[in-house]
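Report on the structure
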Amino acid sequence: MTMSFDVVIADDSALSRRFVRQCLEIAGLEGCRFLEARNGEEAWKILKSEAAVKIVFTDLNMPVLDGEKLLEKVKSDPTLGAVKIVVVTSAQSELRRQALRDAGACAVLGKPLTPAAMATTLSALKEELGL
Amino acid sequence: MKFDKEIWTACLTEAVTNTMEAMTFTAVDPAETPPPAGLVCRIPVQEPFVGELQLALPWELAQELATAAFGTEPDDPVLVQDALGEILNTIAGQFLCLLVKGEQDFRLGLPENGQASAQPADLTLTLCANGTPFSLQLVLTAAP
């Protein structure tokens, strides 16, 4: 899957950002530009300045601006309506998963992340992402 | 939710075993001797009870686990601490997931490195990885 869009990976852990990127690459996403953010605020600034972002992978538990508030901001901004948000979190109770989906997340992935889970998510989004 | 030491110990053991295997490809075994002084990483639990999980391990083991997780030896001690924080965050998430069985929400704070809590632990797991002991302790601040 060679693509030319931007992917934002928001997590306060460098290790977690690396895992997400590796899983995306193993799942076959090639040619994308990966933009890393250490919190929701950095991710928000990227989203407002980079027009080619199609998808954001975000942790929930981050300093400055957490993943839930980032999701809320993105979903209430009409200029970002096409941006897909995938939450990657260790706090993965079914209640929380449903609440996140209700808030506009297109998928919720648990930690530790696996390439198989990532591949399933990308497959479900292939039409929206043009894969 | 009630604190049942046997059930909580089983859930925490499963969470550590799964996380270490998935993130660092490292098998975990029971150990008899507690780890020597080294790093302590802590993560607050905010719901469904108030307390914290603490991971204590010697620096050498922390470096080994970080190297396994990153796939390359970290050139900065901050990355070793980052890896420990993420490993503990994932252990805590898995532990609470197993404990509440999807019937209740839970919330964690941000992991931080520092000193162990002065409060005695309500639950202690002493384990070893790569032949080196490490411990996980659960401290309950407010009863569940």
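A few points on the structure. (Residues numbered from 1 in each chain as written. Chains lettered and ligands numbered in written order. Predicted model: local features only at pLDDT ≥ 70, side-chain atom pairs only at ≥ 80, totals over all residues. Heavy atoms only, no water.)

Counting its regular elements, chain B contains three helices and seven strands. The secondary structure elements of chain B, listed N-terminal to C-terminal, are α-β-β-β-α-α-β-β-β-β. Its C-alpha atoms give chain B a radius of gyration of 14 Å, near enough to 15 Å, the size a compact globule of 144 residues would have. Split into buried and exposed, the 144 residues of chain B put 47% on the buried side. Here the contacts in chain B between residues at least 6 apart in sequence split such that 70% fall between residues at least 24 apart. Roughly 6,600 Å² of accessible area belongs to chain B as shown, and the carbon and sulfur atoms make up 51% of that amount. Positive and negative side-chain charges in chain B, numbering 5 and 19 respectively, have mean positions lying 14 Å apart. (Helix = DSSP H or I, 4+ residues; strand = E, 2+ residues; numbered from the N terminus. Rg over C-alpha atoms; globule rule 2.2 N^0.38 Å. Buried < 20%, exposed > 50% of the residue type's maximum accessible area, 1.4 Å probe, protein only. Contact = heavy atoms within 4.5 Å. Areas by Shrake-Rupley, 256 points an atom, 1.4 Å probe, with all protein chains shown as cover. Lys, Arg positive; Asp, Glu negative; His and termini not counted. Charge placed at Lys NZ, Arg CZ, Asp CG, Glu CD.)

The next point concerns the sheet that holds strand β4 (residues 84–89) of chain A. All names here are of chain A. Spatially, β2-β1-β3-β4-β5 is the arrangement adopted by the five strands of the open sheet, whose pairing is parallel. Looking along the sheet, the strands with just one partner apiece sit at the ends: β2 (33–37) and β5 (107–110). Sheet twist, expressed as the mean angle between neighbouring strand axes with direction ignored, is 20 degrees. Pairing of strand β3 (residues 53–58) with β4, which is carried by four bridges, proceeds in the parallel orientation. Bridge assignment links Phe57 to a residue of β4, and that residue is Val86. Against the sheet, helix α2 (residues 40–49) touches β1 (6–10), β2 and β3, its axis set at about 140 degrees to β2. (Pairing = 2+ DSSP bridges. Axes fitted to C-alpha atoms, helices over the stretch in contact; angles between N-to-C directions.)

A word on the pattern of salt bridges. Under the defined criterion, the tally for this structure stands at 15 salt bridges over all chains. The salt bridge partner of Glu42(A) is Arg38(A), with a shortest N-O separation of 2.8 Å. Residue Glu42(A) is classed as partly exposed on the basis of its relative accessible area of 24%. A relative accessible area of 52% means that Arg38(A) is categorised as exposed. Of the charged contacts, one joins Asp77(A) and Lys48(A) as a salt bridge, the two residues approaching to 2.6 Å between their closest N and O atoms. Placement of Asp77(A) in the loop between α3 (67–75) and β4 and of Lys48(A) in helix α2 is noted, with a sequence separation of 29 residues between them. Connected through salt bridges with shared partners, the residues Asp11(A), Asp59(A), Lys111(A) and Glu86(B) form a single ionic network. (Salt bridge = Lys/Arg side-chain N within 4 Å of Asp/Glu carboxyl O.)

Residue and element names in this part refer to chain A. Running from amino to carboxyl end, helix α1 (residues 14–26) crosses helix α5 (residues 115–124) at an angle of 65 degrees, the nearest separation of the two axes being 8 Å. Considering the relative orientation of α1 and α5, their crossing is right-handed. Seen from α1, the contacting residues are Val20, Cys23, Leu24 and Ile26; seen from α5, they are Pro115, Met118 and Leu122. Of the residues belonging to the contact of α1 with α5, the class tally is seven nonpolar, no polar and no charged. (Left-handed = near helix turned anticlockwise from the far one by under 90°. Nonpolar A, V, L, I, M, F, W, Y, C, P; charged D, E, K, R; others polar.)

Let us now look at the packing of aromatic side chains. All names here are of chain B. By the definition in use, this model includes three aromatic pairs over all chains. For the ring pair Trp8 and Phe95, a centre distance of 6.1 Å and an interplane angle of 70 degrees mean the geometry is edge-to-face. Of this pair, Trp8 sits in helix α1 (residues 5–24) while Phe95 sits in helix α3 (residues 77–100); the two residues are 87 residues apart in sequence, bridging distant segments of the chain. The class for Trp8 is buried, based on a relative accessible area of 2%. Through a chain of ring-to-ring contacts, three or more aromatic side chains come together here, namely Phe3, Trp8, Phe49 and Phe95. (Phe/Tyr/Trp six-rings, centres within 6.5 Å; stacked < 30°, edge-to-face > 60°.)

Another point: the interface of chain A and chain B. Across the contact, 21 residues belong to chain A and 23 residues belong to chain B. Regarding the contact of chain A and chain B, the summed buried area is about 1,900 Å², with carbon and sulfur atoms giving 56% of it. Inspection of the chain A/chain B interface yields three salt bridges. Seen at the junction of chain A and chain B, the total is 11 residue pairs in polar contact (both at pLDDT 80 or more). Contributing elements (two or more residues each) for the side of chain A that touches chain B: α1 and α4 (94–102) of chain A. The biggest single contributor to the side of chain A that touches chain B is α1(A), with five residues. Of the residues in the side of chain A that touches chain B, the class split is eight nonpolar, six polar and seven charged. (Buried area = accessible area lost by both parts, 1.4 Å probe. Polar contact = N/O pair within 3.5 Å; in protein donor to acceptor, adjacent residues only side chain to side chain.)

A separate point is the environment of Phe95(B). Residue and element names in this part refer to chain B. A relative accessible area of 1% places Phe95 in the buried class. As a C-alpha pair, Phe95 and Gly114 span 19 residues in sequence and 22 Å in three-dimensional space. Ignoring anything within four residues of it in the chain, the contact list for Phe95 reads Trp8, Cys11, Leu12, Ala15, Phe49, Leu53 and Leu138.

The values are spatial; any link to function lies outside them.
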